[in-house]
Structures are given as structure tokens and as C-alpha cells.
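Structure at a glance
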Amino acid sequence: MNETQNKLNAALRQAVRGKLSRREFTQLALASGVTLAAANTMFASAARAEPKKGGVLKIGVGHGATTDSMDPGLYPDQFTGTALWGTLANSLTEIDADGNVIGDVAESFEPADGAKKWVFKVRKGITFHNGKPVTAEDVVASLAHHQAENSKSAAKSLLKEITSLKADGPDTVVFELTGGNADFPYTVSDYHMPIMPKKDDGSVDWESGIRTGAYSLDKFTPGVQASFNKNPNYHKEGKGWFDRVEFLSIKDVAARTNALLSGEIQYMDRCDLKTLDQLKQSPDHTVSEITGYGHYIYVMNVTAKPFDNPDVRNAIKYSMNRDDVLEKVFLGHGTVGNDNPIAPTVKFAVDPQPRHSYNPDKARELLKKAGLETLSFDLSVADAAFAGAVDSAILWKEHAKACGIEINVIREPDDGYWDNVWLKKPFVASYWSGRPTVDWMMTTAYAADAAWNDTFWKNPKFNELLIAARSETDEAKRAAMYAEMQQILHDDGGLINMLFNSYVEAHAKTLGHGKIAANWQLDGMRIAERWWYTA
Amino acid sequence: MHPVLKTVLQRLGLGLLTLFVVSVVIFASLELLPGGFAEAILGQGATPETVAAFNREIGLDRPAFVRYLEWIGGVLMGDFGYSYAGLGGSIKRSVSELIAPRLYNTFFLAAMTAIVAVPLSLLLGVLAALYRNSWYDRIVNSVTLTTIATPEFFIAYLLMFFFAIKNKWFYTLSTVSGSTDLWEHMYRAALPAITLTLVIVAHMMRMTRAALINLLASPYMEMAQLKGVPRREAIIKHALPNAWAPIATVIAFNLAYLVVGVVVVEVVYVYPGIGQLMVDAVSSRDMPVVQACALIFAATYILLNLSADIVSIITNPRLLHPK
Amino acid sequence: MTAQAPDIRSVRARRSFFENVKRTLATAPISAWFGMIVILVYVIAAVFAPLIAPYGEAEVVGKAYQPSGPAFWLGTDQIGRDLFSRLIYGARNTVGIAFMTTMLSFLIGGTLGVLTALKRGWLDQGISRIVDAFLAIPVLIFALMLLAVFGKSIWMLILILALLDSTRVFRLARATALNVVVMDYVEAAKLRGEGMGWIIFKEVLPNILPPMITEFGLRFCFVFLTISALSFLGVGIQPPTADWGSMVAESKTLITFPVRTFPYIPAPFYPAIAIALLTVAINFVVDWFLHKTSGLRDEL
């Protein structure tokens, strides 16, 4: 690259940032021997990548119900999560695109006393949409909202480890925990825990929709739409480019696709996998596919016969051809699982060996070891667990036949699946949207005393390591502990992690973005502040 | 008392009875469904503790008949109660507030469709009876049969494809809100209205044709023919008045369908009508909302049928002046 | 034609049943012939499905969305099942379910409707009130609730749809019968002291038959559509059973992707055309029947 070109590139960068007018740039380019057409193309393509302020972003979301509430403890899904949290509000911390925890409403956070105590400093100058500054009192009230005796919040069990929650001065919040937890900052990044203003009576004001986010609430009609206007005083630099953001609840995937194709929305989530190839051919749209933390699983109750024998469990694990399921049922959109619930992109994730891939000989050998010739059991499934659960189970039934295993697939009703089947029947289909840390995921579903321990698995060594790793501040030692835990779960647990599913979403080519986060759909549910229009 | 007036009063009284039966049936079905409001809202995240807290707060921990009596007591006083959603918080959502805008949207779409579909199907039906077995008859028959035999969403998607994606004449989304003005509302609701028209015209048109043809063989029609009355006049003047009863019944059916049965079209066009609200409320077990929707649907149905019966009585002198 | 008419009447009694059928068929218009042939083809497909279909109903035989060719006449569906085979099995399931549902609903609804129209009084009031209440609840939403309560087996689906449908049949049967029972010939029969069965079968039924038959033709097709709509809303027939309504609903997203994209996948169109063709065929035959029972002589 010669000197003129270098100069031209520098000028181009200045031009698109508005420091040099387009005309000045063109003159410079012409002077250095570039044709007018080429100069215009250069300018246009450079301008495309640069964020531009303004525009209205309309997003079609496949969720949303008339029962949706402004109460963040009850946010059920992507509609409330993305609109009423990611667009409107901020938590104490946030997970960035690389999966690291960074400050949000909190400027900084420090552990003390072996991570049993955490001190969070509230960001200076941060205000609510009504102009009121955010104080430590607001933070305390916002989190206490989920802790109350009769709280209905989904975050209640997450915050159980907090023994004391106090404001120390106007901008310091001190948490004391039951035991050390090096990952505590991740916990408070959850979308159920936005920071809200405190009312005079000490409770928190969730009703008004006044929050701290990049956009302020214009109108929210549960189950229909939510619209937001730009917050001019947003506390983050270089975030929140649109003038206005609207979310529409479009539950029918074909209607969502049509709205995108006709230009009435610019972004849709949960694309139809069957027609993805057709959608990809649209000249005006881009399909994005992110493998997140979410995984589709089958879980067995390890206290019930015949699953109480680890050899039987492992024989079952070897009896599924996961690649075949991924290709046939999910058309390749996902990553095959290896009976480890920790997604490869999560910090401290390992890939335990030997991999549980389809191996009828191995399965038969393990059955023999358990003293069995053949094995037969019921598997309860419904598409309420995850879309494709029934088809996958039927396909698995075919695979397992070759291993001497007879799976009796029972299709349960979708309605009430989580109440009547999950945690009740011995072998069921299930789903986890995943958690950003090893500790969080393991504590939620695999710890001996977890409320959602759906495998009823209680491994002493595993639980010892879980507690020890929490307060371990030496990264290398911690990594070793987590690796061992994942190996134990892989070898002994009652979990069949079939695959990690992908978030397949599509958007207009006029939208620009940075690296897309994997922790939730819609760019970590924060698409409204992270994306922009390029033209 | 005049027979029509008598029928109206009698029917209205019986209508109230019907409404009561409907409310019992719906309540019982909701009770039979697995899971409750708390479980439906909390989904996979439900713990026994949060479910119990939820149920306590909205009073679902009390026996079913107490809840039913309390609800119907409120309804008799004109109070449809509050949606379970948000019942515990400080923003209560009253059922009437929740339903009113959606009910307006539903009636708007139904009226728009009916204004086009009813005269159209009557006209097509009379013409088909007039020119029975002609090519016109066969073509109209085949076309309307094809539209009626195609799933609603199929027609909706095809219309959407041709008129909103390929040619951007209409919107794919029929989202309307309280601030949408009348013309915009009509424009947005045009594709759903066309879809519904295609769906219901065949039924009404065929019944009109069948009812007329059924009468062509009656003695007075033969008499008219012998008298030399032109065919067209005979059908319109002599057959049509006697065919009103079955035609009115079918029209009432279809108008009721426009109000109560359009949930699929609402889903496809994302039109915020009452059908979608009821399906949502059923899946979240939001009893007061389900009940209110069911009562509205039932009342619509009862009133439309009453109208059809009045037409039958008025057009049949034997019923109008009983011996 | 006109010249032959008196002839047919005078010798009718001496002809055998088959001769009569032959004679009647000879007078059938093209549309009725078309309808009968289509129905015949469908019935053959339904009865001999396993013999005709090249592959099994739920057998995965290829890749997803293979274009039509010698191996797969109509191509394959979203998980690589042969569409032609599924269409043929669909005839068996769809037509079977629709037929059973409609027959059941007409049996229940029709009988009760005529009976109440004749009897009036408390029986009429009682049944009408109950039917009114059930009619007043939207079918689709009520069916969704009932299927969630009672399970989603095919028999339960048939029973629930038939019961819900029978309320509509009842309403029509009663309304049409009401117009008939005030006729002089019914009064005369009553005065003659004829039994209830005689009045129903000899006086009322023949006179309400035409609108009822028309309704049957349509109701039959509505069953496919209801199943299709239930599938669209997430219930309906359990996979992998092939059923046209569900097949359209399963591939609904393909409907808005025609022409513009390549390869063009007509998967949702085949079952939709199958439904439409059968509906048109049945109703052509119904129309012909209607024409014959109306007592009108052909004026051609």
C-alpha cells in the first residue's frame, strides 16, 4: 500500500466520522488520481460500516402474551426481556459480547473476605428517565423486590445466597453472601433484575416503567407491542443509536417472515428453519446464527430404576446418534452436545472425554456390564419442552434399537408439561436456556439441593467441588475444579445433552452491529442499544 | 301480545339462561385443564413456593365454587373483575378495559367483511339459482367451493404474498391501535376482510341457491310459470320471500363466525382482535378474561340467531299468525 | 330428452336396481361425472393406500425438500419423507376422519333437530337451550380446551369435533324442519293418525333433505379445515400421521416463498389442492342430487 492510498484511507475515516465533508474527500481523492465513481463507492462502503444516529427500528418477536407485566420478576421470555429490560433498563452488571461480566449501573465491583462480601459502586452521574439520579438506595430496593417473603419473582431463588443487602452511603452497595461466590457479579446481570427507582414507602416503583436504559417507554400494550423513544441522557458512550424502537409480538413465524420481507419490520427472531435457505436468498436481508448457551436435553431420574445404575445411564448416552438428529430434525442448526451442560463459549468450559457419540457396541457392552441383555423404558416428551422434542425422540428410538434398547416414546400434552411431566416422570425431554457461568448452571440444575435438580443426581465429590470453586480466586485452580466437575457430570450424571441450539435470526441489510452476544437471543437481548442503521 | 314481540322477550330471557350455562361450562373446562395461572405464567421456573405465593395473592387457593360464586356475583352487578395478570400489583387491569379495544377491532373487521360479503353472496346465490346449470353457475360454484375448501391461513398467506410482498399495495401486518384513524384502520384491515369474505361467501351463496332451487318445484312456482311470469320475476318475487328462513339462518351463522371464529386470521395478520385474546387467556388460565370473552361471544351468537328467527317468523305467515 | 320423460316413468317399476342406476348415471351432467370420478379415485387411494404408495407413511427416504423426479414423484417434505406417499396415506386418514365425524354429527344433530321441530314443547326447549349454550362457545377455542382436557387421540378428536359440529347440524335441521311441519300435508298426516316415525321419514325428511345434503357436502369439508386450523394453532392430528390439513399447516411458511426463490417448493400446495379438489367434487355430486330431488325436470 503506497503513501497516497494510506493518506486517502485516513481521509476516508475522517470523512465518514463527519470530520471531513464528503466534498472535501472527493476533491482529495480526485487529486490523488482516483476516478469520481471510485471515490463515491469508497465513501459509500466506508460509511456503511459506521454507526449512524437516527431511524426507527421495528423488531418482530415470536413471544409476547396479554398477561405480560411490567414487574421484572415475572418477565417470561424474549419479548419482555428484550423490550422491557434490554431496551428500557439496565442491571447492575452486563455480559458483553465475549461473555465477560462488565459494570453497567455499577461502575465497579470488588470482592472481599474470600468473595463472601461484594462491594458495588454505583456509576456517577447516572439518572433515571425522569432525571432523578440513581442512588444505592434504588439498587437495594430493586433487588429487595425479588427477595420479599411473598415474592413471585423468578429471580427469588437466584438471590437466596444473599444474607445482607445494604446501602453504604449514596453510591455504595454491600452484599454479604452465605458462602464465597467469585461469580456473583454475573448473577446480578440477569434480565429479571433491572435497577428501578425507589418509592417513598421503601418499595420499588416497577409500575411506571421509569428505568435507566437507552430508551424510555412510550407505550406498552401487553401481547401486542411496546414502543420506546431515545433517552438523550444515556450513560453509555456509543450506545443507543436509534430515535425510536418498536417491538411487535408476531407469534406466527410465517407472518413474522412476511413482515420482514415486506419491510414492515427490520429484525425478526426465531426464523423458520425449513425456509431458511429461501430467506437467505433475499437480497435485502441477512440471516445471523449464534450458538448460545441454550441446550435441548433428555433427563433421567437417577434414583429410579433402571437409571440408578451408572452403566445403564452410559449405555443410554451412547445409544443416540446426535449428528443424525441435528441434521434431520434441526437441519444442522446447532452444535452436538456431549452430556456437558456448559456451552463451549462459556469460560472454564471443557469437552469431557471420551465423547458420547453413537456407539451401539459400546452401549451393548455397558448393558452387559450392568447384567442386562436388553433394556426397555418409557420416555415422556412434548414439543413444549423444545420444538422438535417429539421428532428427535422418535428418531432416537430408531437409533437405540441397534443397541438393544427399546425406547417407548410417550407424547405428553404440551399444556401443563412443566407442571405434570417435568420433575415428575422418570425420563423426560427438557430444555435449559443456559447460564453464563459454570457455577450458575451447576447450582441451578445439578447441585444436590437445587430446586430444579431434574436428574435427582447427588454426587458428593461434585458438590464439594462446587462449593470450593465458588470461593477459589486462583483462576487456574478454579479452572481445574470446574473441569473435574464437568467430567464427573459427563461420566456419572443423568443428563443427555443432545445439542446446543442456535439462535437463528434475520435482519435488514441496512442494520449494522458489532460482535453478537451469545448469552441470549437478540444480541444478548440488548439489540436496541447495540445496533444501528448504516444507511 | 304480538308474536314477534313475544318471541323477542322469550328469547332474551332464554338467552340469559344460555349465558349462565356457558359460564358454567367454561368455568368447568378451565378447572379441568391441567395447571393453573401461576404455573402457566412461571413455566419451567415455577417452584412450589412461588406458585403458592402467586395463588395466595390472586385468591386461587380457595375452592372453585367460592371463586365462581364470587365471579358471577360481580358479573350480576356489572363488574367483570380484573385479569389475574397484575392482580397483586398496584396496576390492576380490569377485564372491561382489556377487552374494549379488542372488541372494537373485532366488530370493525366483522362489519367491514359483512358489508361486502352478505350482499355479494345473496346476489351470487340468486343469479346461480336463476341461471342454474349454466356455465356461470358452474364457475361461481367451483370458485367459491375452492375458496371455502382452502384453509383460511392458506388464503391469507397467498393474499399477503401477492398484495403485500410482491406488490406492496397493502401491509402484511394489520396492527392497529386506539390512535389509528378510520381510513388507516380500514386500509390495514383490508386484507383480513378480503380473506374472510372469500371464506364465508361460498357458504351463504350456496345456501341461498339451494333454498331457492328447493322452492322452484313447489306448486306456486309452477303456477307462476304457467301464468307466464318471467323466470327472473318468479324467482325474485315468489321464491325469494319464502327462502328467507334458511338464508337468514346461514347468514346469522356466518356473521357470528366473523366475530367468534377468526382467531387464525388474527394470528396471520397480527390483528389485535378478541379471538387471540381469548386463546391467550385460555393458555394462561386467566379465568375472568376467558369468561368475559366467552360471554361476549355467546351474547353475539344469541342476538344474531334471534334476528334470524325473527326473519323466519316474519316471512312465514303460518308462524306469524298461529292458528 | 323431454320426449323420453313419460317413457321412463311408465316402465320404472319393471327395471332392476342396476338398470336404474345406469339410467340415472346416463343423465348425469359433466360436472357430476367429474365429481364422481374424483371421489372414486380418492376412495381407491384411501382403501388401497399401502399398495399404491411407493413408500411408507412416516418413512424417511431421502433428504429434505428433494425436487420431484422419478424416485419421488412430488419430491420430499421437510424431513425427507416422500410427499406422494404421504398424500395417498393422507387420503385414507383425512377422508376417513372427516367422513366419520360428519356422519356422527348428522346422525346426532339431524335426528334431534327433526324430532324437536315436530314435538316442540319442553323437549325442544331443553335440547335447544343446551345446544344454544354449546353453539355459543367458539368451536375452535372450545375444541382446543377439550382436547387439552381429554387428550389428543384421533378418536377423541373425531368425537369432540362431531359433538361440536352436531350442534350446528341440529340448528339447521330444526330451522328447516320447522318450516315443513307447519305445512298442510304434515298436519294432514297428523290428523290421519300417522306415527311419529312415519311423519319423520315420509313427510319431513324428504322435504328437508336438499338443504341438509348441501350442508353435508360443506360440513364434510369443514372437518378438514377445522383439523387444519387446529394444527395451525398447535394441536390436531399427532405426527407422524399424514393428514392433509396438518400437512398444509406444517409447511405453511413455504406458501409465501413461491416464485421468487429457487428451488421452488410446492409442498403446501399439494395437500391444499387435494382438499379443494375433493370439496368441489363432492359438492358437484351434491348439486346434481339436489337437482334431482328438487323434482324439477331438465329443461335442456
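Residues numbered from 1 in each chain as written. Chains lettered and ligands numbered in written order. Predicted model: local features only at pLDDT ≥ 70, side-chain atom pairs only at ≥ 80, totals over all residues.

Moving on to the overall build of chain C. On a plain count of helices and strands, chain C comes out with 12 helices and 0 strands. When the helices and strands of chain C are read in sequence order from the N terminus, they spell out α-α-α-α-α-α-α-α-α-α-α-α. Within chain C, the proportion of its 300 residues that are buried is 48%. The contacts of chain C with a sequence gap of at least 6 include a subset with a gap of at least 24, amounting to 67%. (Helix = DSSP H or I, 4+ residues; strand = E, 2+ residues; numbered from the N terminus. Buried ≥ 20, exposed ≤ 12 C-beta atoms within 10 Å, placed from the backbone. Contact = placed C-beta atoms within 7 Å.)

Our focus in this paragraph is the overall build of chain B. For chain B, the count of helices and strands is 15 helices and 0 strands. Considering only C-alpha atoms, chain B reaches an extent of 85 × 60 × 35 Å along its principal axes. Contacts in chain B between residues far apart in sequence, at least 24 positions, make up 73% of those at least 6 positions apart.

Moving on: the environment of Trp531(A). Positionally, Trp531(A) belongs in the loop between helix H18 (527-530) and strand S19 (532-533). Given 26 C-beta atoms within 10 Å, Trp531(A) falls into the buried group.

With that settled, the discussion passes to the confidence of the model for chain C. Residue and element names in this part refer to chain C. Per-residue pLDDT for chain C has a mean of 79; in total, 87% of the residues score no lower than 70. With pLDDT under 50 throughout, residues 1-12 is counted as low confidence; its partners more than four residues away or in other chains account for 3 contacts. Reported confidences for the modelled complex are a pTM of 0.84 and an ipTM of 0.84. (pLDDT = per-residue confidence, 0-100.)

The subject of this paragraph is the packing of helix H13 (residues 274-283) of chain B against helix H14 (residues 287-315) of chain B. All names here are of chain B. Running from N to C, H13 and H14 point in directions that differ by 140°, and their axes come no closer than 9 Å. Relative to H14, H13 is oriented oblique. In the crossing of H13 with H14, the sense of the turn from one axis to the other is left-handed. Between H13, through Ile274, Leu277, Met278, Ala281 and Val282, and H14, the contact on the second element is made entirely by Val289, Val290, Cys293 and Ile296. Class assignment of the residues belonging to the contact of H13 with H14 gives a composition of 9 nonpolar, no polar and no charged. (Axes fitted to C-alpha atoms, helices over the stretch in contact; angles between N-to-C directions. Parallel < 35°, antiparallel > 145°, perpendicular 65-115°, else oblique. Left-handed = near helix turned anticlockwise from the far one by under 90°. Nonpolar A, V, L, I, M, F, W, Y, C, P; charged D, E, K, R; others polar.)

Further remarks concern the interface of chain C and chain B. The interface of chain C with chain B comprises 47 residues on the first partner and 56 residues on the second. Among the secondary structure elements, those contributing two or more residues to the side of chain C that touches chain B are helix H6 (121-135), helix H7 (139-150), helix H8 (154-181), helix H10 (196-232), helix H11 (244-250) and helix H12 (269-293) of chain C. Class assignment of the residues belonging to the side of chain C that touches chain B gives a composition of 32 nonpolar, 11 polar and 4 charged.

Glancing now at the nonpolar core. Membership of the largest hydrophobic core comes to 341 residues, with the highest contact counts inside it found for Ala315(A), Leu212(B), Val290(B), Cys293(B) and Ala143(C). The element best represented in this core is helix H11 (residues 231-260) of chain B, accounting for 18 residues. If near-sequence neighbours (up to four positions away) are discounted, Cys293(B) is found in contact with Ile99(B), Ile274(B), Leu277(B), Met278(B) and Ala281(B). (Core = buried A, V, L, I, M, F, W, Y, C linked by C-beta atoms within 7 Å.)

Residues and elements named next belong to chain A. Its place among the elements puts glycine 294 in strand S12 (residues 285-300). Taking the C-alpha atoms as reference, glycine 294 lies 33 Å from lysine 53; in sequence the two are 241 residues apart. In this view, glycine 294 contacts Trp432, Ser433, Gly434, Phe500 and Asn501; residues no more than four positions away in its chain are not counted.

Right, let's talk about the interface of chain B and chain A for a bit. Contact with chain B, which involves 39 residues of that partner, is made by 35 residues of chain A. Of all the secondary-structure elements, those providing two or more residues to the side of chain B that touches chain A are helix H2 (37-42), helix H3 (48-58), helix H7 (152-166), helix H12 (263-269) and H13 of chain B.

Residue and element names in this part refer to chain A. Here S12 pairs with strand S17 (residues 495-508) via 12 bridges, running antiparallel. Bridge pairing links valine 287 to alanine 506 in S17. As paired strands, S12 and strand S16 (residues 427-432) are joined by 6 bridges and run antiparallel to one another. In the strand pairing of S16, methionine 300 is matched with phenylalanine 427. (Pairing = 2+ DSSP bridges.)

We now examine H8(C). Between its terminal C-alpha atoms H8(C) stretches 38 Å, which fits the 40 Å expected from 28 residues at 1.5 Å a residue. With 21 of 28 residues buried, H8(C) lies mostly within the body of the structure. (Expected span 1.5 Å × (residues − 1).)

Residues and elements named next belong to chain A. Examined bridge by bridge, strand S8 (residues 215-221) and strand S9 (residues 225-230) share 6 bridges and lie antiparallel to one another. The residue of S9 that forms the bridge with serine 216 is asparagine 229. Turn length for the S8-S9 hairpin, with the two strands adjacent in sequence and antiparallel, is 3 residues, and the turn residue glycine 223 shows positive phi of about 80°.

The subject of this paragraph is the sheet that holds strand S5 (residues 117-122) of chain A. Residues and elements named next belong to chain A. The sheet built from 4 strands is open, its strands ordered S4-S5-S7-S6 with antiparallel pairing. On the outer flanks of this sheet lie strand S4 (106-112) and strand S6 (162-167), each paired with one strand and no other. Taking each pair of neighbouring strands and ignoring which way they run, the sheet shows an average axis angle of 15°. As paired elements, S4 and S5 share 6 bridges and run antiparallel to each other. When the sheet's bridge partners are listed, alanine 112 is paired in S5 with lysine 117. Its contacts with the sheet place helix H5 (residues 136-147) against S5, S6 and strand S7 (172-177), and it is angled at close to 150° to S6.

Let us now look at the confidence of the model for chain B. The share of residues in chain B with pLDDT of 70 or more is 96%, and the mean pLDDT across the chain is 85. The secondary-structure element of chain B with the lowest mean pLDDT is helix H15 (residues 317-320) of chain B, recorded at 71, while helix H5 (residues 95-130) of chain B shows the highest, at 91.

Once that is clear, we can look at unusual backbone geometry. All names here are of chain A. Here the amide bond leading from lysine 305 into proline 306 is cis, since omega sits at -5°, within 30 degrees of zero. In the Ramachandran plot, alanine 115 falls in the positive-phi region, its phi being about 60° despite a non-glycine side chain. Summarising the element assignment, alanine 115 is placed in the loop between S4 and S5. Note on alanine 115: 18 C-beta atoms within 10 Å, which makes it partly exposed.

Right, let's get into the packing of H5(B) against helix H9 (residues 190-216) of chain B. All names here are of chain B. The N-to-C vectors of H5 and H9 enclose an angle of 35°; their axes lie 7 Å apart at closest approach. Helix-helix and strand crossings are classified by hand; for H5 and H9 the assignment is right-handed. Tallied by class, residues from the contact of H5 with H9 come to 20 nonpolar, 5 polar and 1 charged.

Moving on, we come to H10(C). All names here are of chain C. In this model, H10 (37 residues) spans only 45 Å end to end at C-alpha, well below the 54 Å of a helix rising 1.5 Å per residue. Maximum bend of H10: about 55°, positioned at leucine 205, with proline proline 206 one to four residues after it. In the segment just after H10, glycine 234 is the residue with positive phi, at about 100°. (Bend = angle between axes of the 7 residues up to and from the residue.)

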